[in-house]
Amino acid sequence: MIKTDILIIGAGPTGLFTVFEAGLLKLKCHLIDALPQPGGQCSEIYPKKPIYDIPAYPEILAGDLTHKLLEQCKQFKPGFTLGERAETIDKQDDGTFIVTTNKGTKHHAPVVAIAGGLGSFEPRKPIIDNIVDYEDKGVEYIIKDPEFYRGKKVVIAGGGDSALDWSIFLSDVASEVTLIHRRNEFRGHLDSVEKVQELKNAGKIELITPAEVIGVNGNNKIESIVVKHGANTFKKSCDHFVPLFGLSPKLGPIADWGLEIEKNAIKVNNALDYQTNIPGIFAIGDVNTYPGKLKLILCGFHEATLMCQAAYQIINPGKRYVLKYTTVAGVDGFDGTRKEAPKQVVKTID
């Protein structure tokens with residue numbers, strides 16, 4: 001049983017910033033995310049796309065924003081349960097909650113903050129009748145450990161940043177990398193497109209466009225795929241087929257937790273603290289809805305800040321917290337580190 005003060009469901013930007021705000025209040029956090037790494041959409045879908053509306057950053061790449069948020073909150077030593085989806089929630093007699101993931105990991109906390117962005121993400125799968133039969137038998141939708149593909153023949157399908165970036169990375173790991181896209185044009189970062197072109201010219205990546213994978217074959221595990229290329233159809237042998245068509249956001253099991261839902265979002269009280277209809281459960285970031293809601297990262301940061309103040313009162317009933325600016329009070333991490341502004345020098349002027 002993992003115990004914490006605030007259990008955060010979703011390790012995207014809003015969830016990560018919650019760790020920092022909670023840490024200022026001496027509250028510990030643990031995060032659950034179905035993705036294999038923190039960052040949510042910023043890490044999984046568009047790590048190299050620029051964001052222009054983060055305060056103090058005229059422009060910052062989504063992946064870099066994730067890295068900076070992790071750096072900012074590392075003083076407060078958050079825990080992570082990654083690659084697992086929050087499945088069930090059970091309210092205890094004392095008002096606390098036990099949240100269990102799809103893999104059976106249990107988490108116990110007095111406050112639950114749902115910061116799941118647009119919900120849990122499920123991979124968009126190609127329309128191939130028998131593809132389910134080969135899942136975890138050579139068909140993967142998310143690359144978790146690149147070493148898993150060392151010395152193997154890998155076929156990647158897709159035309160975005162993930163498909164391009166993993167094709168580049170695996171070109172030095174796999175024995176053979178093939179990238180298949182249904183168009184000649186790729187929608188990805190220019191540097192990545194140019195790098196794939198270089199690797200294709202060097203014979204390190206086979207590029208097949210415009211084409212699509214229409215079938216998979218094999219005895220107990222994938223052995224080949226069927227490719228439709230123009231008017232021709234042919235088989236290509238492979239050890240792994242990785243379709244990277246993006247992720248589809250869904251509320252998933254959270255929709256069955258008894259929360260008030262409106263248009264696939266969780267209704268909250270925005271007049272006070274972004275609490276849901278169940279006391280002790282909050283929803284912050286893109287996953288929530290209220291009059292005038294804007295789905296912006298900076299709005300999620302604001303909601304996280306106010307939510308942590310309410311969480312403090314739940315965890316410390318009757319105890320008054322005096323807000324002090326970090327420029328005055330400094331920041332004391334749970335790891336023993338301290339950040340503070342330089343002390344003023346007291347000196348007499350003659």
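How each quantity is defined
Residues numbered from 1 in each chain as written. Predicted model: local features only at pLDDT ≥ 70, side-chain atom pairs only at ≥ 80, totals over all residues. Heavy atoms only, no water. Core = buried A, V, L, I, M, F, W, Y, C linked by side-chain atoms within 4.5 Å. Buried < 20%, exposed > 50% of the residue type's maximum accessible area, 1.4 Å probe, protein only. Helix = DSSP H or I, 4+ residues; strand = E, 2+ residues; numbered from the N terminus. Contact = heavy atoms within 4.5 Å. Pairing = 2+ DSSP bridges. Axes fitted to C-alpha atoms, helices over the stretch in contact; angles between N-to-C directions. Polar contact = N/O pair within 3.5 Å; in protein donor to acceptor, adjacent residues only side chain to side chain. Parallel < 35°, antiparallel > 145°, perpendicular 65-115°, else oblique. Left-handed = near helix turned anticlockwise from the far one by under 90°. Nonpolar A, V, L, I, M, F, W, Y, C, P; charged D, E, K, R; others polar. Disulfide = S-S within 2.5 Å.

1. Re the nonpolar core
In this structure, I6, V112, I114 and W257 are the most contacted members of the largest nonpolar core, which totals 56 residues. Among the elements that take part in this core, helix α6 (residues 297-315) stands out by supplying seven residues, more than any other. Setting aside its immediate chain neighbours within four residues, V112 contacts L7, I9, I89, F97, V99, G280, I281 and F282. Of all hydrophobic cores here, the second largest spans 18 residues; its members include L170, V196, L199 and V242.

2. Some points on the sheet that holds strand β3 (residues 29-33)
Across the sheet, five strands lie side by side as β6-β3-β2-β10-β22; this open sheet has parallel pairing. In this open sheet, the two strands that pair with only one neighbour each are β6 (79-82) and β22 (281-283). Here the strands of the sheet are splayed against their neighbours by 20 degrees on average, with no regard to which way each runs. Sheet topology places strand β2 (residues 6-9) next to strand β10 (residues 111-114); four bridges connect them, and they run parallel. Paired with I8 across the strands is A113, a residue of β10. Each of β2, β3 and β6 is contacted by helix α1 (residues 13-24), which is oriented at about 175 degrees to β3, the strand it contacts most.

3. Details of the side chain of H107
Tracing the backbone through its elements, the reader meets H107 in strand β9 (residues 106-109). Within the structure, H107 has its side chain in polar contact with the side chain of T81 (distance 2.9 Å). In contact with H107, other than residues within four places in its own chain, are M1, I2, L7, H30, I32, T81, F97, I98, V99 and T101.

4. Quick notes on the packing of α1 against helix α3 (residues 62-73)
Packing of α1 against α3 brings their axes to within 8 Å, and their N-to-C directions diverge by 20 degrees. It follows from the interaxial angle that α1 and α3 lie roughly parallel. Handedness of the α1/α3 crossing: left-handed. Between α1 and α3, the contacting residues are P13, L16, F17, V19 and F20 on the first element and T66, L69, L70, Q72 and C73 on the second. When the residues that make up the contact of α1 with α3 are grouped by side-chain class, the tally is eight nonpolar, two polar and no charged.

5. Focus: the sheet that holds strand β21 (residues 265-267)
Pairing is mixed in the open sheet, where three strands are placed in the order β20-β21-β23. Edge strands, defined here as strands with exactly one partner in the open sheet, are β20 (261-262) and β23 (288-289). For β20 and β21, the ladder comprises two bridges, and the chain directions are antiparallel. Residue pairing for β21: I261 is matched across the bridge by I266.

6. Remarks on the environment of V132
By the element assignment, V132 lies in the loop between β11 (120-123) and β12 (153-157). In this structure V132 comes out as exposed when scored by relative accessible area, which is 52%. For the pair V132 and N264, spaced 132 residues apart in sequence, the C-alpha separation works out to 27 Å.

7. Thoughts on the state of the cysteines
All told, the structure shown has zero disulfides when counted by the stated rule. Lacking any disulfide linkage, C29 is separated from the closest cysteine sulfur, that of C308, by 6.2 Å. With relative accessibility at 5%, the residue C29 sits in the buried group.

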